[in-house]
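Observations on the model geometry
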Amino acid sequence: MRKKILFFSSWPKSHLYPLKSLISYLKKKNFEIYILTIESNKEIVENFLNSKFIEYPFNINQIYNENYIKSKVKKSKEYFLKKEYKKSYVEFLKSDISIVLNYRKRDLNKLMNIVETIRPNYIFRDAVDIYAHDISNEKKIPCIGYITNNLYSKKFFEKNPKYLYKIFMAGINYECFLGEDFFSNFYSLECKLYDEVSKELNTKMIRPFHQFDPNENTNIIFSTDFLQPSYSLYDNKRYDIIYPSLEQFSIENEINHRLSSFIKRNNDKKKVYISTGSFINMDFTYYKTLLEILIKEKYYIILSVRNQKKDIINYFDEYSDMIYIDDFIEQKYVLNYCDLFITSGGFNSILESIYYKVPMLVIPVSSEQRLNALIIENLKLGKNCYSYENINKDLTQLIHTLECEKSIKESLEKYSQCIEKKSKKNNFKNLERLLKWIF
């Protein structure tokens, strides 16, 4: 009888695509693969990952604590107006924490029913999941953690907590209110607040920052050994870093004719691709600022945007020949032709940009993206807008640096070759050693 593996995934598509190489390998080992995710990801699961789709039996994006969140946001504003900035920030943190503490016993029971029906031999859980670890313990099913980004553990932050927590929490923006040492003992503060909020909401306590470290005995990191900081890994845990499958970098089969015409028509022009990822929307001012700079620098612009599409088209009507805008862009096709990528720093985008040797200007939005951006700049793969060095720099200056710095081109060449070479050698021998109790 074939052994079964149940993946506790999440809702973003970006958490599914990196699983391709691992699942292909497990299927060769004759495992039957089931993946829990949302309905809109069914095609990816069945056609791209060739696995069995299981829909979450509840809305995994539902926020249960809306009234609590509103009360904390209100308190935060009140304290800010009184210039009690630390109290204001603590109330903001509590509102943020309450979103994470979304654990419900009834949802656990629904998942337990699925597990009892499928009867998997093993569970693989995404770091964002908050249920699989408990199910694994209760049902005595071996559990492997995985993360589709770099793994950022408490050990990682402890290397320089004052600085790294500040970056992670966008603290540069608040330093003038909170003081430069506020983040020195930030983890202790978070543990205290998580405990307080869980008691106030009468819900299960969840480990702070669990989304960035699965913290199982055995963990898989879908990254590369040059992007993943080694000092984030614990000595008493087992890890395997799995490179992306080369199939992940294949140019899309069907390209919008209007897009391909724009690329070909401007073949000899400087081209920039702008995208903030599949689920982040920025306001009109963000795009207006970028486009005005890029037009002045004579860039031809390919822009992936949804909500602001009509406003951008109207505002930049006289430059319509320089701007291609759509709510969906075939990203790998575009990166193959672009000279610059302006990105928020999502991990799949970072890997694709390196593979296609396109320098990145990273304008991070979320916490892990700010850490990703630090690593991108340290490796000379692009420029990070959210750093002490660059936060007040003119974007034009950063773009010029990306155009001219020889070291950036050399690093992109070096690490692109590394991905090409090591992705071909994803033989999973290390994973077999780590999971020898499976095979």
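Residues numbered from 1 in each chain as written. Predicted model: local features only at pLDDT ≥ 70, side-chain atom pairs only at ≥ 80, totals over all residues. Heavy atoms only, no water.

For the protein chain, the helix and strand inventory stands at 19 helices and 13 strands. Compactness check: the protein chain gives a C-alpha radius of gyration of 23 Å against a globular reference of 22 Å for 439 residues, within 12% of the reference. Overall size of the protein chain, expressed as C-alpha extent along the three principal axes, is 60 × 60 × 40 Å. By residue count, 56% of the 439 residues in the protein chain fall in the buried class. (Helix = DSSP H or I, 4+ residues; strand = E, 2+ residues; numbered from the N terminus. Rg over C-alpha atoms; globule rule 2.2 N^0.38 Å. Buried < 20%, exposed > 50% of the residue type's maximum accessible area, 1.4 Å probe, protein only.)

Another point: the confidence of the model for the protein chain. Averaged over the protein chain, the pLDDT score is 93; the fraction of residues at 70 or greater is 97%. Per-element confidence in the protein chain is highest for strand β3 (residues 52-55), whose mean pLDDT is 98, and lowest for helix α19 (residues 429-434), whose mean pLDDT is 71. (pLDDT = per-residue confidence, 0-100.)

Attention now goes to the pattern of salt bridges. Within this structure, the stated rule accounts for 24 salt bridges. Across the pair K94 and E200 runs a salt bridge whose closest N-O atoms are separated by 3.1 Å. Note that K94 is positioned in helix α4 (residues 85-100) and E200 in helix α10 (residues 186-201), a separation of 106 residues in sequence. By relative accessible area, K94 is classed as buried at 5%. Salt bridges linked by common partners bring K94, K192, E196 and E200 together as one network. (Salt bridge = Lys/Arg side-chain N within 4 Å of Asp/Glu carboxyl O.)

Between α4 and α10, whose axes approach to 9 Å, the crossing angle comes to 60°. Helix-helix and strand crossings are classified by hand; for α4 and α10 the assignment is right-handed. Here α4 contributes Y89, V90, L93, K94, I97, S98 and V100 to the contact with α10, which in turn contributes F186, L189, E190, L193, Y194, E196, V197, E200 and L201. Of the residues assigned to the contact of α4 with α10, the class counts are 11 nonpolar, one polar and four charged. (Axes fitted to C-alpha atoms, helices over the stretch in contact; angles between N-to-C directions. Left-handed = near helix turned anticlockwise from the far one by under 90°. Contact = heavy atoms within 4.5 Å. Nonpolar A, V, L, I, M, F, W, Y, C, P; charged D, E, K, R; others polar.)

Relative to the elements of secondary structure, E91 occurs in helix α4. Residue contacts for E91: discarding those within four places in its chain leaves K72, K75, S76 and Y79.

Turning next to helix α18 (residues 406-424). Between its first and last C-alpha atoms α18 spans 28 Å; for 19 residues at 1.5 Å apiece the expected length is 27 Å, and the two agree. Every buried residue of α18 is listed here: I408, S411, L412, Y415, S416, C418, I419 and S423. In a view along the axis of α18, the buried residues occupy a sector of 160°, so they form one face of it. Along α18, the residues that are exposed and aim more than 90 degrees away from the buried face are K406, K414, K421 and K424. Tucked into the core, α18 has its buried residues touching α15 (347-355), β13 (382-384) and α17 (395-404). (Expected span 1.5 Å × (residues − 1). Arc of directions from axis to C-beta.)

Moving on to the packing of α15 against α18. It is at 8 Å that the axes of α15 and α18 come closest, and there the two elements cross at 105°. As far as their axial angle goes, α18 and α15 are roughly perpendicular. Across from L351, S353, I354 and Y355 in α15, the residues of α18 making contact are L412, Y415, S416, I419 and E420. Here the residues of the contact of α15 with α18 are counted per class, giving six nonpolar, two polar and one charged. (Parallel < 35°, antiparallel > 145°, perpendicular 65-115°, else oblique.)

Next up on the list: the sheet that holds β13. Across the sheet, six strands lie side by side as β10-β9-β8-β11-β12-β13; this open sheet has parallel pairing. Looking along the sheet, the strands with just one partner apiece sit at the ends: β10 (323-326) and β13. Each strand axis lies, on average, 15° off the axis of its neighbour in the sheet, ignoring direction. In this sheet, β10 lies alongside strand β9 (residues 299-304) in parallel orientation, the contact comprising four bridges. For S304, the partnering residue across the bridge sits in β10 and is D326. (Pairing = 2+ DSSP bridges.)

Nonpolar side chains in soluble globular proteins generally cluster together in the buried interior. Core analysis: the biggest nonpolar cluster contains 117 residues, and F8, F186, L227, I302 and I342 have the highest contact counts within it. The greatest single-element share of this core, amounting to seven residues, is contributed by helix α12 (residues 284-296). Those residues within four positions of F186 in sequence are excluded, and the remaining contacts are Y89, L93, Y165, M169 and F209. Of all hydrophobic cores here, the second largest spans 25 residues; its members include L26, I35, V45 and I242. (Core = buried A, V, L, I, M, F, W, Y, C linked by side-chain atoms within 4.5 Å.)

Further remarks concern the layout of surface pockets. Each pocket or cavity is described by its volume, and for the second largest pocket that value is around 320 Å³. Taken together, 17 residues form the lining of the second largest pocket, with Y286, I363, P364, C385 and Y386 sitting closest to its centre. If one sorts the elements of the lining of the second largest pocket by residue count, α12 sits on top with three residues. Class assignment of the residues belonging to the lining of the second largest pocket gives a composition of 12 nonpolar, three polar and two charged. (1 Å grid on protein atoms, 1.4 Å probe; cavity = no way out; pocket = protein on both sides within 12 Å on 5 of 7 lines; lining within 4 Å. Points joined across faces, edges and corners; volume = space filled by probe spheres on them.)

The next subject is the pairing of strand β5 (residues 143-147). Most of β5 is tucked away: five of the five residues are buried. Along β5, one buried face is formed by C143, G145 and I147 and the opposite face, lined by I144 and Y146, is buried too. Crossover strand β4 (residues 122-126) to β5 through helix α6 (residues 132-139) is right-handed. The pairing of β5 with strand β6 (residues 218-221) spans three bridges and is classified as parallel. Bridge assignment links G145 to a residue of β6, and that residue is N219. (Right-handed = clockwise from strand over helix to strand, strands pointing away.)

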